[in-house]
Amino acid sequence: MNKLIIVMIAIIVVISAMFTAMMIFSPNRNENIENKVTQVAEEILDDCTDEYEEMENENTIKANTQEEKTSPNCSLITKTYFSECKHMKSEYANLSQDFVNLTKDEIQEEYPEYEIESFATNEVVLYQEKEGTCGEHYMVKDKEGQVTIYQLLEDGTQKEIEVTGVTTEYLPETDKINMKNGIQVNGKQELNQLIEDFE
């Protein structure tokens, strides 16, 4: 019977020791598990953050590389420089509906004889150089008492284009003398201003 009591006490001591050991080492084990869980969570968070930053960078690059295109209210300015008379002729127009929403390269394809001087959604400026004259050189003369407009042609000849209906009779003497020799003007704006001065 003593042996049985000793064996039972030994079993109780062993079980108590095991239970005590479990209690002592259990917090460390939980701490290790918590550390591992925290470490894994941080790695996942880092991976997600890296992926998010990559996606943001891709979106930013896409937004930055989106090409500028012409808008429906875009103006088109064509500039032509004429080497012989050294004049620049500019024409202004609204961009045709066929050319709305085009990129700079697409506009260049449509106007191969021009180079693009500037390109924006609301204004495109095209430039070219040509030999010859601009065709807007005029001579204003007195013809039978009337102020008459002649266009100066590239070959040096003059072509009558309009008899204005303005008489030279009431012009100042200096203008009458100048009109006999002919007053040369360049461009329609300068021509219109001169005729207005005579009226």
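Attention in this report is confined to the structure presented alongside it. Small disclaimer: the values here were computed from a predicted structure and weren't measured.

Counting its regular elements, the protein contains four helices and eight strands. Ordering the α and β elements of the protein from the N terminus gives α-β-β-α-β-β-β-β-β-α-β-α. Buried residues in the protein amount to 25% of all 199 residues. A fraction of 50% describes how many contacts in the protein between residues 6 or more apart in sequence connect residues 24 or more apart. Counting only carbon and sulfur atoms, one obtains 52% of the accessible surface of the protein, whose full area is about 14,800 Å².

Of the pairings in the sheet, the one linking strand E1 (residues 75-82) to strand E4 (residues 123-130) comprises eight bridges and is parallel in character. The residue bridging Thr 78 from the neighbouring strand is Leu 126, located in E4. Where strand E3 (residues 115-119) and E4 come together, four bridges link them in antiparallel fashion. Note on E4: the bridge partner recorded for Phe 119 is Val 124.

Together, Glu 67, Asp 98, Asp 105, Glu 106, Glu 109 and Glu 110 make up a region of like negative charge exposed at the surface. Relative to the helices and strands, Glu 106 resides in helix H2 (residues 104-110).

Another aspect to go through is the pattern of salt bridges. Applying the stated criterion across every chain, the model contains four salt bridges. Of the charged contacts in the structure, one is a salt bridge between Lys 143 and Glu 160, with a shortest N-O distance of 2.7 Å. Of this pair, Lys 143 sits in strand E5 (residues 137-143) while Glu 160 sits in strand E7 (residues 158-167), and the two are 17 residues apart along the sequence. Under the relative-accessibility criterion, Lys 143 is labelled partly exposed at 31%.

This paragraph deals with the sheet that holds strand E6 (residues 146-152). Taken in spatial order, the four strands make up an open sheet running E7-E6-E5-E8, and their pairing is antiparallel. Here the strands that pair on one side only, and so sit at the sheet edges, are E7 and strand E8 (183-186). Recorded for the sheet is a direction-independent mean angle of 25° between the axes of neighbouring strands. By the bridge criterion, six bridges tie E6 to E7 in an arrangement that is antiparallel. Of the residues in E7, the one forming a bridge with Leu 152 is Gln 158. Docked against the sheet, helix H3 (residues 173-181) engages E5, E6 and E8, running at close to 115° with respect to E5. Across the sheet, helix H4 (residues 188-198) lies against E5, E6, E7 and E8, angled at about 135° from E8, the strand it touches most.

This part is about the sheet that holds E1. The four strands lie next to each other as E2-E1-E4-E3, forming an open sheet whose pairing is mixed. Whereas interior strands pair on both sides, the edge strands pair on one side only; in this sheet they are strand E2 (87-94) and E3. When strand polarity is set aside, the average angle formed by the axes of neighbouring strands in this sheet is 20°. Note: E1 against E2, eight bridges, orientation antiparallel.

Attention now moves to the side chain of His 137. Assignment of secondary structure puts His 137 in strand E5. Residue His 137 is classed as buried on the basis of its relative accessible area of 9%. Within the structure, His 137 has its side chain in polar contact with the side chain of His 87 (distance 3.1 Å). Not counting residues within four places of it along the chain, the set of residues in contact with His 137 comprises Cys 85, His 87, Tyr 150, Gln 151, Leu 152, Gln 184, Val 185 and Asn 186.

Criteria and thresholds
- Residues numbered from 1 in each chain as written.
- Predicted model: local features only at pLDDT ≥ 70, side-chain atom pairs only at ≥ 80, totals over all residues.
- Heavy atoms only, no water.
- Helix = DSSP H or I, 4+ residues; strand = E, 2+ residues; numbered from the N terminus.
- Buried < 20%, exposed > 50% of the residue type's maximum accessible area, 1.4 Å probe, protein only.
- Contact = heavy atoms within 4.5 Å.
- Areas by Shrake-Rupley, 256 points an atom, 1.4 Å probe, with all protein chains shown as cover.
- Pairing = 2+ DSSP bridges.
- Patch = residues over 30% accessible without salt bridge, like charges linked within 9 Å, V, L, I, M, F, W, Y side chains within 5 Å.
- Salt bridge = Lys/Arg side-chain N within 4 Å of Asp/Glu carboxyl O.
- Lys, Arg positive; Asp, Glu negative; His and termini not counted.
- Charge placed at Lys NZ, Arg CZ, Asp CG, Glu CD.
- Axes fitted to C-alpha atoms, helices over the stretch in contact; angles between N-to-C directions.
- Polar contact = N/O pair within 3.5 Å; in protein donor to acceptor, adjacent residues only side chain to side chain.

As far as function goes, none of this settles anything; it's purely spatial.
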